[in-house]
Structures are given as structure tokens and as C-alpha cells.
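Here's the letter readout for the chains.
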Amino acid sequence: MSEEAPQYDQADFVVVANRLPVDRTTDADGTTSWRTSPGGLVTAMEPVMQERHGAWVGWVGAPDETLDPFDYDSYHLVPVPLSAAEIEDYYEGFSNGTLWPLYHDVVAKPEYHREWWDAYHAVNERFAEAAAQVAAPGATVWVQDYQLQLVPQMLRRRRPDLRIGFFLHIPFPPVELFQQLPWRRQIIEGLLGADIIGFQTPGGAQNFTRICRHRMKMETHREVVTLPSGRSTRAKAYPISIDAKGFEALARSRPVQDRARELRHELGDPEVLFLGVDRLDYTKGIYHRLRAYGELLAEGVIDPRKAAFLQVATPSRERVEEYKRLRDEVNMLVGRINGDLGDLRRPAITYLHTSVPRTEMAAMYTTADVCVVTPLRDGMNLVCKEYVACRSGTDGALVLSEFAGAAGELRQAYMINPYDINSMKHGMTLAMNDTVQNKRRRMRALRRQVFTHDIEAWAASFLDDLAAVPAPQTTSTDPQA
Ligand code: ADP
Ligand code: F6P
């Protein structure tokens with residue numbers, strides 16, 4: 001047990017993630033408020049926590065905020081402070097300038113800086129300490145994502161009585177890429193502090209066990225890795241999902257149905273409406289997708305007087321160089337396509353650089369004929385599952401990248417290779433022109449998959465496996481234990 005007296009109310013179930021589910025924001029007039037944090041992790045974990053209560057340890061999204069634990073909605077939130085320098089080095093630096101591009105097939109160049117690593121290590125220690133304080137004796141602690149890969153080992157050293165799970169929301173790279181990382185051994189040892197390490201796909205889990213076997217010289221048998229101490233850890237795929245029933249109910253509600261019609265009208269009542277919804281991230285293939293659409297317009301395959309494209313992009317990691325560049329590139333491309341191909345009545349592409357409420361998102365999914373999801377690499381991608389969940393009429397078409405984790409499950413989507421512009425053009429055209437019968441057949445199959453593998457099934461399968469791990473041994477404090 002941690003030696004210091006606990007400062008917090010303790011919980012039997014604790015989630016530890018870089019961000020809390022809500023961000024504290026300050027308006028121009030100085031007033032502060034809370035808003036839902038961006039990204040798939042929060043969308044996925046919200047219903048899990050609402051079902052199980054427990055405590056959520058994370059950062060409030062603003063610098064130098066030292067807040068006591070508090071209750072918000074149905075959450076018990078335990079804030080971890082980050083200084084402005086730590087946000088630069090741990091969050092924007094090591095997490096999003098090193099790990100994010102490295103783990104996403106180096107679609108951007110990862111940077112390796114020792115001071116970023118030092119900050120990552122120090123901040124992971126702080127999260128581990130907060131989790132150790134808040135976890136009740138014998139509690140289950142579930143650590144989330146690439147920002148906190150050292151926490152499982154750091155937490156086990158402090159609290160060998162805990163059951164510790166870890167889930168990686170992004171891809172885990174092949175050994176040929178991972179071995180670039182100067183701190184690869186520390187990351188693997190950090191993760192191995194967990195009893196179970198969850199990945200989005202079987203490929204990610206295999207990449208991890210391969211590294212343990214070939215680089216760390218550990219014994220592995222299928223998903224089980226045996227550590228030098230004799231303790232074992234499992235590395236297994238648990239493809240994450242969404243609250244499918246919740247999304248469907250929202251989409252069917254009267255206000256969302258009304259808003260869906262109104263939105264379509266605002267967009268000029270097009271015959272075909274394409275939709276893209278993403279965080280503004282270079283892994284999402286937004287530029288590639290819009291370029292493909294622009295070519296289809298220019299070639300006359302799609303008539304800009306009859307079709308519309310709505311692209312919504314949530315601002316994300318805006319101080320990181322690659323994100324600034326992407327923002328400029330997308331702005332320029334949309335400007336060029338609209339200048340060349342739009343007319344006074346309708347822009348070729350309606351582009352919103354903003355975050356929208358979930359009801360508005362559901363209205364967009366409800367009214368869009370074709371949802372275009374084209375990541376160059378994505379751990380899972382929840383947007384495509386949300387679209388499918390909202391199509392209770394079994395109409396609509398999903399264009400999906402082979403490089404999204406979801407491609408392994410949503411095989412009846414119109415699959416494309418985002419690196420091949422012709423493949424993308426072909427996928428969009430087919431999705432638009434396919435017979436109603438074919439579209440319905442595909443959508444029915446997609447919906448079966450999404451509704452039988454929802455977020456509750458995901459959480460239950462991970463947590464049941466974790467609960468089945470033999471009771472932790474509380475004697476060893478060996479870091480490799
Ligand atoms: P990531 O975790 O990389 O952001 P996902 O597709 O897994 O990608 O999850 C994105 C989540 O963020 C989804 O739940 C989606 O509804 C939400 N989202 C995406 N774009 C927006 C937006 N413009 N406004 C509000 N929510 C958004
Ligand atoms: O799923 C990937 C992820 O990085 C999550 O960890 C995070 O919540 C989300 O995307 C949004 O990113 P950020 O917290 O950097 O805004």
C-alpha cells in the first residue's frame with residue numbers, strides 16, 4: 001500500500017485517463033465552465049462509468065489548475081494538475097509529437113527529445129500516485145491509452161494489492177517501427193505492470209507479444225507473456241465500441257428527426273449528402289478525402305448542383321506544428337474546391353471547424369446518405385459505428401478505410417484504400433450509386449455487428465477477464481514483478 005494516508009474518498013473501481021470526461025474552459029470574459037472533452041476515449045468510457053460509478057482520475061484540460069476531487073453529473077472526478085511546461089513536454093511533446101505519429105504508422109515524423117521523455121515519466125508518476133491514493137484495498141484500476149503507458153508498473157510498485165488493466169485506444173505498431181523509440185524498453189516494462197493489456201485489434205496484440213519475445217527475450221505463449229519474476233500478463237484484442245442503443249434512440253427522437261430535416265434544408269436539400277466528421281487530425285485522411293471528392297466534382301461524376309459534402313472537424317492539439325499545418329492545408333483545399341466548383345446557391349463543400357453537441361451529430365448521421373471515414377491509420381474509429389447505429393431505416397452507406405481498426409468488424413462497408421485516390425473515388429461513387437437493395441443488405445449486416453458488439457459488451461469482456469485474474473500477490477515490489 002502507498003505509505004501516505006489517503007487524501008481522497010476511495011473507490012473499488014477507478015479509471016485513469018489523460019483527460020477527465022469534461023474540460024474546464026475559460027471564456028474571453030474570464031468565466032469558467034465545463035464541456036465534454038474531445039475524442040473517442042470519452043465517448044466510449046462515458047457509458048461504462050455511468051453504469052459502474054467509481055472514480056475517474058484525469059487532467060482538467062487547462063494549465064495549472066489544482067482542484068480537489070468533485071462530483072459532476074454521475075462521475076466522481078479526481079483532477080491531476082499539469083503545468084504549462086508539462087502540457088508542452090508531456091502532452092503536446094512526448095504524447096502527441098512522439099508516440100501519436102510513431103504508433104500511427106509514422107504518417108507524420110515522430111520527434112525524440114529527452115526532455116519530453118523526462119516530463120512523460122514525471123507526469124506518469126503523478127497519475128500513478130493519484131490512482132494509488134484513490135483506489136480502495138483490492139480495487140480494480142483501469143488505465144487508459146498511450147499517454148499513460150508507464151502507469152501500470154508505477155502503480156503496481158505502490159499498490160501490489162490492485163487488479164490493474166490497461167487499454168490502448170490507438171494502434172500498437174509493428175516491431176520495425178516501435179524499435180525506433182529510444183525508451184522502448186521502459187514503455188514495454190511500464191505496460192507489463194498490468195494484469196491485462198487490451199488492444200483494439202489482434203494485430204496490435206500480436207505486435208506487442210512479438211516485441212516481448214524478440215526484443216525483451218520474455219517467454220510468450222499465444223496471448224500470455226511471462227515475466228522474469230514468473231508473474232504473467234495477457235495481451236489481447238478487445239475492439240472498442242459505442243452505446244449503440246443510446247445513439248439509435250437519440251437519432252429516433254423527435255427533436256433530432258426535426259433537426260435532421262432542417263439541416264438538410266439548410267444545406268440546400270441536395271439529392272445526395274456526403275458527411276465527414278472527425279477530430280482535425282492528420283491520421284484521419286481528411287485532406288485525401290476532400291481531394292478525391294473535388295476530383296469527382298471536377299470530372300463531372302458528381303454534380304455539385306445535386307450533391308453536398310458536409311465536413312465537420314473538431315479543433316484538436318492546436319499548438320502542435322503538424323496540426324497547424326493540416327488546418328492550413330484543409331482550409332486552402334476547401335477554398336480552392338469551392339472557388340472552382342461551387343456556385344452562389346451552394347458551396348461544393350460545407351466545412352465547419354468546430355465541435356458540435358451530440359444531438360447535432362446524431363442529426364447529421366440521420367440525414368447523410370453517405371458517411372465517409374478515411375483514416376490513414378486509426379485504432380478503431382467510432383464515427384463509423386455511430387453512423388451505423390443512427391441508420392435505423394437500414395438506408396445510408398458507409399465508405400470506410402481499410403486502415404481503421406473498425407474495418408476488421410465492419411466488412412460490409414464500401415472499403416477503400418485512402419492512399420489510393422482512385423480507390424477512394426470509386427468507393428464514394430459506388431456508395432452513392434449502388435442499388436437500394438444492396439445498400440440495405442450491407443447496412444443490415446453492419447447494424448447486426450454494431451448492436452451485438454456494443455460498449456457494454458466491450459467493457460464486460462475486458463472487466464470479466466480482469467476479474468478472473470488470480471488475486472494479486474501483495475508481497476513483491478520488484479519492478480519486473
Ligand atoms: P478519436 O478518438 O481519434 O477522436 P473516434 O472516431 O474514435 O476518433 O472518436 C471521435 C469521437 O468524437 C466520436 O464520438 C465523435 O462523435 C466525436 N466527434 C468527432 N467530431 C466531432 C465534432 N466535430 N464535434 C463533436 N464531436 C465530434
Ligand atoms: O483515442 C485517442 C485519443 O487520443 C484519446 O486518448 C483522446 O481522448 C482523444 O483521442 C482526443 O485527443 P486529445 O485528448 O489529445 O484531445
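Structure: see above.
What counts as what
- The residue count restarts for each chain, going from 1 along the sequence in the order it is written.
- A letter from A marks each chain and a number from 1 marks each ligand, given out in the order of writing.
- The model is predicted, so local features are restricted to residues of pLDDT at least 70 and side-chain atom pairs to those at 80 or more, both for listing and for counting; the totals for chains, interfaces and linings are taken over all residues.
- Side-chain figures throughout are based on the complete set of non-hydrogen atoms in the structure, without hydrogens or water.
- Paired strands are those between which DSSP finds at least two bridges.
- Segments assigned H or I by DSSP are reported as helices when at least four residues long, segments assigned E as strands when at least two residues long, and all are numbered from the N terminus.
- An axis is simply a line fitted to the C-alpha atoms; with a helix, the fit covers only the stretch in contact. Between two such axes, the angle follows the N-to-C directions and lies from 0 to 180 degrees.
- The contact criterion used throughout is that any non-hydrogen atoms of two residues lie within 4.5 Å.
- Accessible area is worked out with a 1.4 Å probe on protein chains only. A residue is then buried under 20% of its type maximum, exposed over 50%, and partly exposed in between.
- Handedness is read with the strands pointing away from the viewer; a crossover is right-handed when the path from the first strand over the helix to the second is clockwise.
- In what follows, roughly perpendicular refers to angles from 65 to 115 degrees, roughly parallel to angles under 35, roughly antiparallel to angles over 145, and oblique to any angle outside these ranges.
- With the far helix as reference, a near helix turned anticlockwise by less than a right angle produces a left-handed crossing, and one turned clockwise produces a right-handed crossing.
- Residues are counted as near a molecule or strand when any one of their heavy atoms sits within 4 Å of it.
- The definition of a polar contact used here is a pair of N or O atoms within 3.5 Å, where within protein one atom must be able to donate a hydrogen and the other to accept one, and adjacent residues in sequence count solely through side-chain atom pairs.
- Residue burial considers only the protein chains on display, and all accessible areas are found by Shrake-Rupley using a 1.4 Å probe.
- Residue type decides the class: Asp, Glu, Lys and Arg count as charged, Ala, Val, Leu, Ile, Met, Phe, Trp, Tyr, Cys and Pro as nonpolar, and the leftover types, Gly among them, as polar.
- Criterion for a salt bridge: a side-chain nitrogen of Lys or Arg within 4 Å of a carboxyl oxygen of Asp or Glu.
- For the purposes of this section, nonpolar cores are sets of buried Ala, Val, Leu, Ile, Met, Phe, Trp, Tyr and Cys residues that join through side-chain atoms within 4.5 Å.

Participant: Honestly, the sheet that holds strand β13 (residues 272–279) in this entry has me stumped. Any pointers?
Facilitator: Across a sheet, strands are paired by hydrogen bonds formed along the backbone, either parallel or antiparallel in direction. Strand order in the open sheet made by the 6 strands is β15-β14-β13-β16-β17-β18, with parallel pairing throughout. Taken across any chain shown, the strands that pair with only one partner, and hence form the sheet edges, are β15 (349–352) and β18 (414–416). Averaged over neighbouring strand pairs, the angle between their axes works out to 20° when direction is ignored. Each of β13 and β14 (307–314) touches helix α12 (residues 358–367); the most contacted strand, β13, lies at about 145° to it.

Participant: Just to check I follow, could you spell out the pairing of β13 for this structure?
Facilitator: Remark: a regular strand shows side chains that alternate across the two faces of the sheet. Of all the 8 residues making up β13, 8 are buried; the element is thus mostly covered by neighbouring parts of the structure. The side-chain alternation of β13 yields two buried faces, one formed by V272, F274, G276 and D278 and the other by L273, L275, V277 and R279. A crossover links β13 with its parallel partner β14, the connecting element being helix α10 (residues 286–298), and its sense is right-handed.

Participant: Explain the packing of α10 against helix α14 (residues 421–433) here, please?
Facilitator: When two helices pack together, you describe them by how their axes are tilted relative to each other and by the distance separating the axes. The contact between α10 and α14 brings their axes to 9 Å, and the two run at 70°. Taken together, the axes of α10 and α14 are roughly perpendicular relative to one another. Read as a crossing pair, α10 and α14 show a hand that is right-handed. Residues H288, R289, R291, A292, Y293, E295 and L296 of α10 form the contact with α14, whose own contacting residues are I421, M424, K425, M428 and T429.

Participant: Looking at this model, I keep getting lost on the site of ligand 2. Mind explaining?
Facilitator: The immediate surroundings of ligand 2 are formed by 13 residues, with R19, Y91, D145, Y146 and R317 found nearest. Side-chain polar atom of Y146 to an oxygen atom of ligand 2: 3.2 Å apart, as the coordinates give it. For ligand 2, an oxygen atom lies 2.8 Å from a polar atom in the side chain of R317. About the coverage of ligand 2: the protein hides 93% of its 380 Å² of free accessible area. The residue inventory of the shell around ligand 2, partitioned by class, reads 6 nonpolar, 3 polar and 4 charged.

Participant: Help me understand the site of ligand 1, please; the structure alone is not making it clear to me.
Facilitator: In the vicinity of ligand 1, 18 residues are found, and the nearest of them are G40, T43, R279, M361 and E386. At a separation of 2.7 Å, an oxygen atom of ligand 1 approaches a polar side-chain atom of R279. V356 has a polar backbone atom sitting 2.8 Å from a nitrogen atom of ligand 1. Protein burial of ligand 1: of its 570 Å² of free accessible surface, 88% is covered by the chains. Contributions of two or more residues to the shell around ligand 1 are made by α1 (40–52), β13, β14, α12 and α13 (383–390). Sort the elements by how many residues they give to the shell around ligand 1 and β13 lands first, with 3 residues.

Participant: Can you help me understand the pattern of salt bridges in this one?
Facilitator: Evaluation of the coordinates by the stated rule reveals 37 salt bridges. Across the pair E86 and R126 runs a salt bridge, and its minimum N-O distance is 2.6 Å. Highlighted residues: E86 in helix α2 (residues 84–103) and R126 in helix α3 (residues 114–134), separated in sequence by 40 residues. Judged by its relative accessible area of 28%, R126 falls in the partly exposed class. A salt bridge links D395 to R391; the nearest nitrogen and oxygen atoms lie 3.2 Å apart.

Participant: Mind showing me how you'd approach the nonpolar core here?
Facilitator: Within soluble globular proteins, side chains that are nonpolar generally end up buried alongside one another. In this structure, F127, F172, F208 and F274 are the most contacted members of the largest nonpolar core, which totals 102 residues. Of the residues forming this core, the biggest block, 11 residues, is contributed by α3.

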